[in-house]
Amino acid sequence: MTIDPFWLTTGVALLACVLGVTGIQVYANGARRQAALVARLDDTAVPETPGRRRRRFVALDRRVRATALGRNLERRIAATGLDVTPGEFAVGLAATVAVLWVIGQAALSAFFGPICGLLGVWVAYGYLNWQRQKRIEKFINQLPELSRILANATQAGLALRMAISLAADEMESPAGDELEKVSQQLAVGAPLDDALAELADRLPSRELVVLVTTLVLANKAGGTVVSSLRNLTETLEQRKETRREVRTQLSQVSMTAYAVPVIGFGSLLLIDNMQPGALDRMTASPIGQGAVIAACALYVLGFAAIRRFSKIDV
């Protein structure tokens, strides 16, 4: 049984990349532990802030943040809760595009190199959107508990600002982290309305808008804030169960949206494997290139259409 040299080379290259990344991670962990040990033994050293890591590509990060695209990217990353700077994300994105470009040219044809590079950009931003949506969903699931804590604290006689600070200490991430930001803004004199509005902008959802509106109206007009929060807690619990049922019913449709592009890409690999050089001959003419671009556009349109039809706001 003979092994195709292309697949052997590709496998060896991927294995080398995996081993290289693993080696870099092991080396970085060892260097960080050594630095922490030296800092503990040195009485004159400044203690390292827990939970923070050493930033890389600082100069590039400053240049990226100075641009409008970099500021937009920074807001996207902040909404995901990832401990990544825009400069680090830009370097990772460039490396991903380069690797996919080379793999597309080697596995398919030279024409598919730029297409695979654009696919890398789409996947990277799609990952950010997925992390942001995942964080929003987790925050929505914590809203009933948050409303309950605020109701109990308000009933105990605490002011709304103190109730938010108490909830920030008791709740886990992401609700705890987001409420800590609100508490810090209130500590430096920011209005409660503006701090809660920024929270709703970072994690947009109908449930959070209802909670923020209730808190703002209670802070301005007073009234029975405890009973309002109690009723809101029950409503949020019911919406939580409804959202879970809808997401379960639509899980098959969501998987179909991802399966359709994978089947198309797998068909290209199958054709090139059955008839070596078929993709090179197809993309050598303008008609073939136009057909490939049209097919990619239709796959993207189909993916967007399926995702749009399976998106039901509850």
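Residues numbered from 1 in each chain as written. Predicted model: local features only at pLDDT ≥ 70, side-chain atom pairs only at ≥ 80, totals over all residues. Heavy atoms only, no water.

**Student:** Which parts of the structure should I look at to understand the overall build of the protein chain?
**Tutor:** Helix and strand counts for the protein chain stand at 13 helices and zero strands. The long-range fraction of contacts in the protein chain, counting pairs at least 24 apart against all pairs at least 6 apart in sequence, stands at 66%. For the protein chain, the accessible surface area stands at approximately 20,100 Å², while carbon and sulfur atoms represent 64% of it. (Helix = DSSP H or I, 4+ residues; strand = E, 2+ residues; numbered from the N terminus. Contact = heavy atoms within 4.5 Å. Areas by Shrake-Rupley, 256 points an atom, 1.4 Å probe, with all protein chains shown as cover.)

**Student:** Would you explain the packing of helix α5 (residues 112-155) against helix α7 (residues 175-187) in this entry?
**Tutor:** Packing of α5 against α7 brings their axes to within 9 Å, and their N-to-C directions diverge by 75°. One element, α5, and the other, α7, form an angle in the roughly perpendicular class. Contacts from R135, F139, Q142 and L146 in α5 reach A175, D177, E178 and L179 in α7. Tallied by class, the residues present in the contact of α5 with α7 amount to four nonpolar, one polar and three charged. (Axes fitted to C-alpha atoms, helices over the stretch in contact; angles between N-to-C directions. Parallel < 35°, antiparallel > 145°, perpendicular 65-115°, else oblique. Nonpolar A, V, L, I, M, F, W, Y, C, P; charged D, E, K, R; others polar.)

**Student:** When you look at the side chain of S147 in this model, what are you seeing that I'm missing?
**Tutor:** Here S147 shows up in helix α5. Accessibility expressed as a relative area gives 0% for S147, which makes it buried. Not counting residues within four places of it along the chain, the set of residues in contact with S147 comprises L229, L232, T233 and L236. (Buried < 20%, exposed > 50% of the residue type's maximum accessible area, 1.4 Å probe, protein only.)

**Student:** Would you explain empty space enclosed by the protein in this entry?
**Tutor:** Take a probe with the size of a water molecule and roll it over the atoms, and the empty space left behind shows itself. Applying the stated criterion across every chain, the model contains one cavity of 30 Å³ or more. Put simply, the largest cavity is a space of about 60 Å³. Together, L146, L150, I164, L179, L196, L199, L208, L211, V212 and L215 line the largest cavity. Every element with two or more residues in the lining of the largest cavity is listed here: α5, α8 (192-202) and α9 (206-221). Residue contributions to the lining of the largest cavity peak at four residues, all from α9. In terms of residue class, the lining of the largest cavity is built from 10 nonpolar, no polar and no charged. (1 Å grid on protein atoms, 1.4 Å probe; cavity = no way out; pocket = protein on both sides within 12 Å on 5 of 7 lines; lining within 4 Å. Points joined across faces, edges and corners; volume = space filled by probe spheres on them.)

**Student:** Help me understand the environment of E172, please; the structure alone is not making it clear to me.
**Tutor:** By secondary structure assignment, the location of E172 is in the loop between α6 (160-170) and α7. E172 sits in the exposed class, given a relative accessible area of 62%. The spatial distance from the C-alpha of E172 to the C-alpha of F139 is 9.7 Å, given a sequence separation of 33 residues.

**Student:** Even after reading the chapter, I still don't get helix α13 (residues 286-309), so can you show me in this structure?
**Tutor:** Residues lying three or four places apart along an α-helix face the same way, a consequence of the helix completing one turn every 3.6 residues. The terminal C-alpha atoms of α13 lie 34 Å apart, and with 24 residues this matches the ideal 34 Å at 1.5 Å per residue to within 8%. Regarding α13, the residues found buried are G288, V292 and F303. Buried residues along α13 sit in contact with α5, α11 (251-274) and α12 (278-282). (Expected span 1.5 Å × (residues − 1).)

**Student:** Help me out: how do you make sense of the packing of aromatic side chains in this one?
**Tutor:** The geometry of an aromatic ring pair is captured by two quantities: the separation of the ring centres and the angle between the planes. One pass over the structure, following the stated rule, counts four aromatic pairs. Each ring, one from F89 and one from Y125, has its centre 6.1 Å from the other, and the planes form 80°; the classification is edge-to-face. Of this pair, F89 sits in helix α4 (residues 86-107) while Y125 sits in helix α5, and the two are 36 residues apart along the sequence. Their ring planes at 40° and their centres at 6.0 Å tell us that Y127 and W130 sit as a pair that is tilted. Of the two residues, Y127 and W130 are both situated in helix α5; the distance of three residues between them amounts to about one turn of the helix. Residue class for Y127 comes out partly exposed when judged on its relative accessible area of 40%. (Phe/Tyr/Trp six-rings, centres within 6.5 Å; stacked < 30°, edge-to-face > 60°.)

**Student:** Honestly, the nonpolar core in this entry has me stumped. Any pointers?
**Tutor:** General note: in soluble globular proteins, nonpolar side chains tend to be found buried as a group. The biggest cluster of nonpolar side chains holds 33 residues, and the ones touching the most others in it are L146, L150, I164, L179 and L196. When residues in this core are grouped by element, the largest group, nine residues, is from α5. In contact with L146, not counting residues within four places along its chain, are A167, M171, L179 and L211. In terms of nonpolar packing, the next biggest core, distinct from the first, is built from seven residues, L73, I77, L93 and A124 among them. (Core = buried A, V, L, I, M, F, W, Y, C linked by side-chain atoms within 4.5 Å.)

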